Amino acid sequence: MANPGLTTCLSPAQLAEESLLAKRIVIIDVLRATSTICAALYHGMKSVITVADIKAAATYRKGDFIVAAERQGKTPEGFQYGNSPLTYQTKEFINKTLVLSTSNGTNAVEKSKTASEILCGAFVNLNALIAYMQKHPMDSILLCAGWHEQPAFEDSLLAGALVKMLKADYSIENDAGLLAGSLYEKHAMNLFEAFKQSDHFKRLSGLGREEDLRYCAGINVAPVVPQWQKDRFVVVH
Ligand code: MLT
């Protein structure tokens, strides 16, 4: 039996309008949405509802939710919580549901909703995601959230790590995957130094988010696999 295909989209703009039915999409937003979702679920939050529209996110304040947002790397006015993966690691949030709206990551989720399965990928859950995808082979698309429809260096790095580590189990379907794999090979031994080259690293560093950056570069520090079920992400593995 042939291996399932693994297609890489370095930004949502590359997600062809092809049918996503019977396909898995792995959302990649290393800085910081998918790292935050993995951290929140690993540290005991029950689920994460992602909402692309910030006004829609605000309506959840009426319910028993932890409502968080990020725009241009900052917490928008009127929101108590932002998109730091470090925020959701305390006991006060255990068994709570996080509602999260971010600049790019939550839009990528919106674009993926006709897929057969949606997972979250980041460095913080790399090995758990690899093990899950090896155990559950399925034609998959690595969808990098990027920044305003442009590729992001750190997302491409993670996509490259997945391409390299899954190449025995999946058929690499496009040159974007080869590009990402080569990028990862070049930087695998010193990811944090590589991160420092990225626009988003500089943006977040300028906002004083160094601790977030170090956390998001931490391999396997939140070893869970978030899967979209009905209207939210929950832990599937
Ligand atoms: C995004 O959605 O692009 C990121 O999560 C932005 C951020 O957290 O800085």
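This text gives an overview of the structure that appears in the document. Since this is a predicted model, take the numbers as computed values, not measurements. (Residues numbered from 1 in each chain as written. Predicted model: local features only at pLDDT ≥ 70, side-chain atom pairs only at ≥ 80, totals over all residues. Heavy atoms only, no water.)

1. Description of the layout of surface pockets
Here comes step 1: Size it by volume and the largest pocket reaches roughly 200 Å³.
Here comes step 2: Together, 24 residues line the largest pocket, and G146, W147, E154, H200 and R203 are the ones closest to its centre.
Here comes step 3: When contributions to the lining of the largest pocket are tallied by element, the ones reaching two or more residues are α5 (153-166) and α8 (199-206).
Here comes step 4: Per-element accounting of the lining of the largest pocket gives the leading share, four residues, to α8.
Here comes step 5: Split into classes, the residues belonging to the lining of the largest pocket amount to seven nonpolar, 10 polar and seven charged. (1 Å grid on protein atoms, 1.4 Å probe; cavity = no way out; pocket = protein on both sides within 12 Å on 5 of 7 lines; lining within 4 Å. Points joined across faces, edges and corners; volume = space filled by probe spheres on them. Helix = DSSP H or I, 4+ residues; strand = E, 2+ residues; numbered from the N terminus. Nonpolar A, V, L, I, M, F, W, Y, C, P; charged D, E, K, R; others polar.)

2. Remarks on the packing of aromatic side chains
Here comes step 1: Scanning the model with the defined rule gives seven aromatic pairs in all.
Here comes step 2: With a centroid separation of 5.4 Å and 85 degrees between ring planes, the pair formed by Y81 and F93 is classed as edge-to-face. Of this pair, Y81 sits in the loop between β4 (65-69) and β5 (97-101) while F93 sits in the loop between β4 and β5, and the two are 12 residues apart along the sequence.
Here comes step 3: You can call Y81 buried: its relative accessible area is 16%.
Here comes step 4: Taking relative accessible area as the criterion, F93 reaches 2% and is therefore assigned buried.
Here comes step 5: In textbook terms, an aromatic cluster arises when at least three aromatic residues are bridged by ring pairs, as seen for Y81, Y88 and F93. (Phe/Tyr/Trp six-rings, centres within 6.5 Å; stacked < 30°, edge-to-face > 60°. Buried < 20%, exposed > 50% of the residue type's maximum accessible area, 1.4 Å probe, protein only.)

3. Section: the packing of α5 against helix α6 (residues 175-187)
Here comes step 1: Relative to each other, α5 and α6 sit at 95 degrees, their axes nearing to 7 Å. What the angle tells us is that α5 and α6 run roughly perpendicular. Across the interface between the two elements, F153, S156, L157, A159, G160, A161, V163, K164 and M165 from α5 touch G177, A180, G181, L183, Y184, E185 and H187 from α6.
Here comes step 2: In terms of residue class, the contact of α5 with α6 is built from nine nonpolar, five polar and two charged. (Axes fitted to C-alpha atoms, helices over the stretch in contact; angles between N-to-C directions. Parallel < 35°, antiparallel > 145°, perpendicular 65-115°, else oblique. Contact = heavy atoms within 4.5 Å.)

4. Describing the side chain of S198
Here comes step 1: Mapped onto the secondary structure, S198 falls in the loop between α7 (191-195) and α8.
Here comes step 2: When its relative accessible area of 2% is taken as the criterion, S198 is described as buried.
Here comes step 3: When near neighbours in sequence (up to four residues on either side) are disregarded, S198 contacts L31, F153 and E154.

5. Points about the site of the ligand
Here comes step 1: The ligand sits among 14 residues. The nearest are D29, N83, T102, N104 and G105.
Here comes step 2: With respect to the ligand, the side chain of N83 contributes an N or O atom lying 2.6 Å from an oxygen atom.
Here comes step 3: Contact between the ligand and H200: an oxygen atom at 3.0 Å from a side-chain N or O atom of the residue.
Here comes step 4: Contact with the protein chains hides 100% of the accessible area of the ligand, taken as 270 Å² for the molecule alone.
Here comes step 5: According to the grid-proximity analysis, the pocket containing the ligand is the largest pocket. (Near = heavy atom within 4 Å. Polar contact = N/O pair within 3.5 Å; in protein donor to acceptor, adjacent residues only side chain to side chain. Areas by Shrake-Rupley, 256 points an atom, 1.4 Å probe, with all protein chains shown as cover. Sits in = over half its atoms within 2 Å of the grid points.)

6. Describing the pattern of salt bridges
Here comes step 1: One pass over the structure, following the stated rule, counts nine salt bridges.
Here comes step 2: The salt bridge involving K96 is made with D64; its shortest N-O contact spans 3.0 Å. Of the two residues, K96 sits in the loop between β4 and β5 while D64 sits in the loop between α2 (54-59) and β4, which places them 32 residues apart along the sequence.
Here comes step 3: For D64, a relative accessible area of 58% gives the class exposed.
Here comes step 4: A salt bridge links E110 to K113, with the shortest nitrogen-to-oxygen separation between them at 2.7 Å.
Here comes step 5: On the accessibility criterion, E110 (36% relative accessible area) is partly exposed.
Here comes step 6: K113 sits in the partly exposed class, given a relative accessible area of 39%.
Here comes step 7: Where salt bridges share partners, they join R32, R209 and D212 into one cluster. (Salt bridge = Lys/Arg side-chain N within 4 Å of Asp/Glu carboxyl O.)

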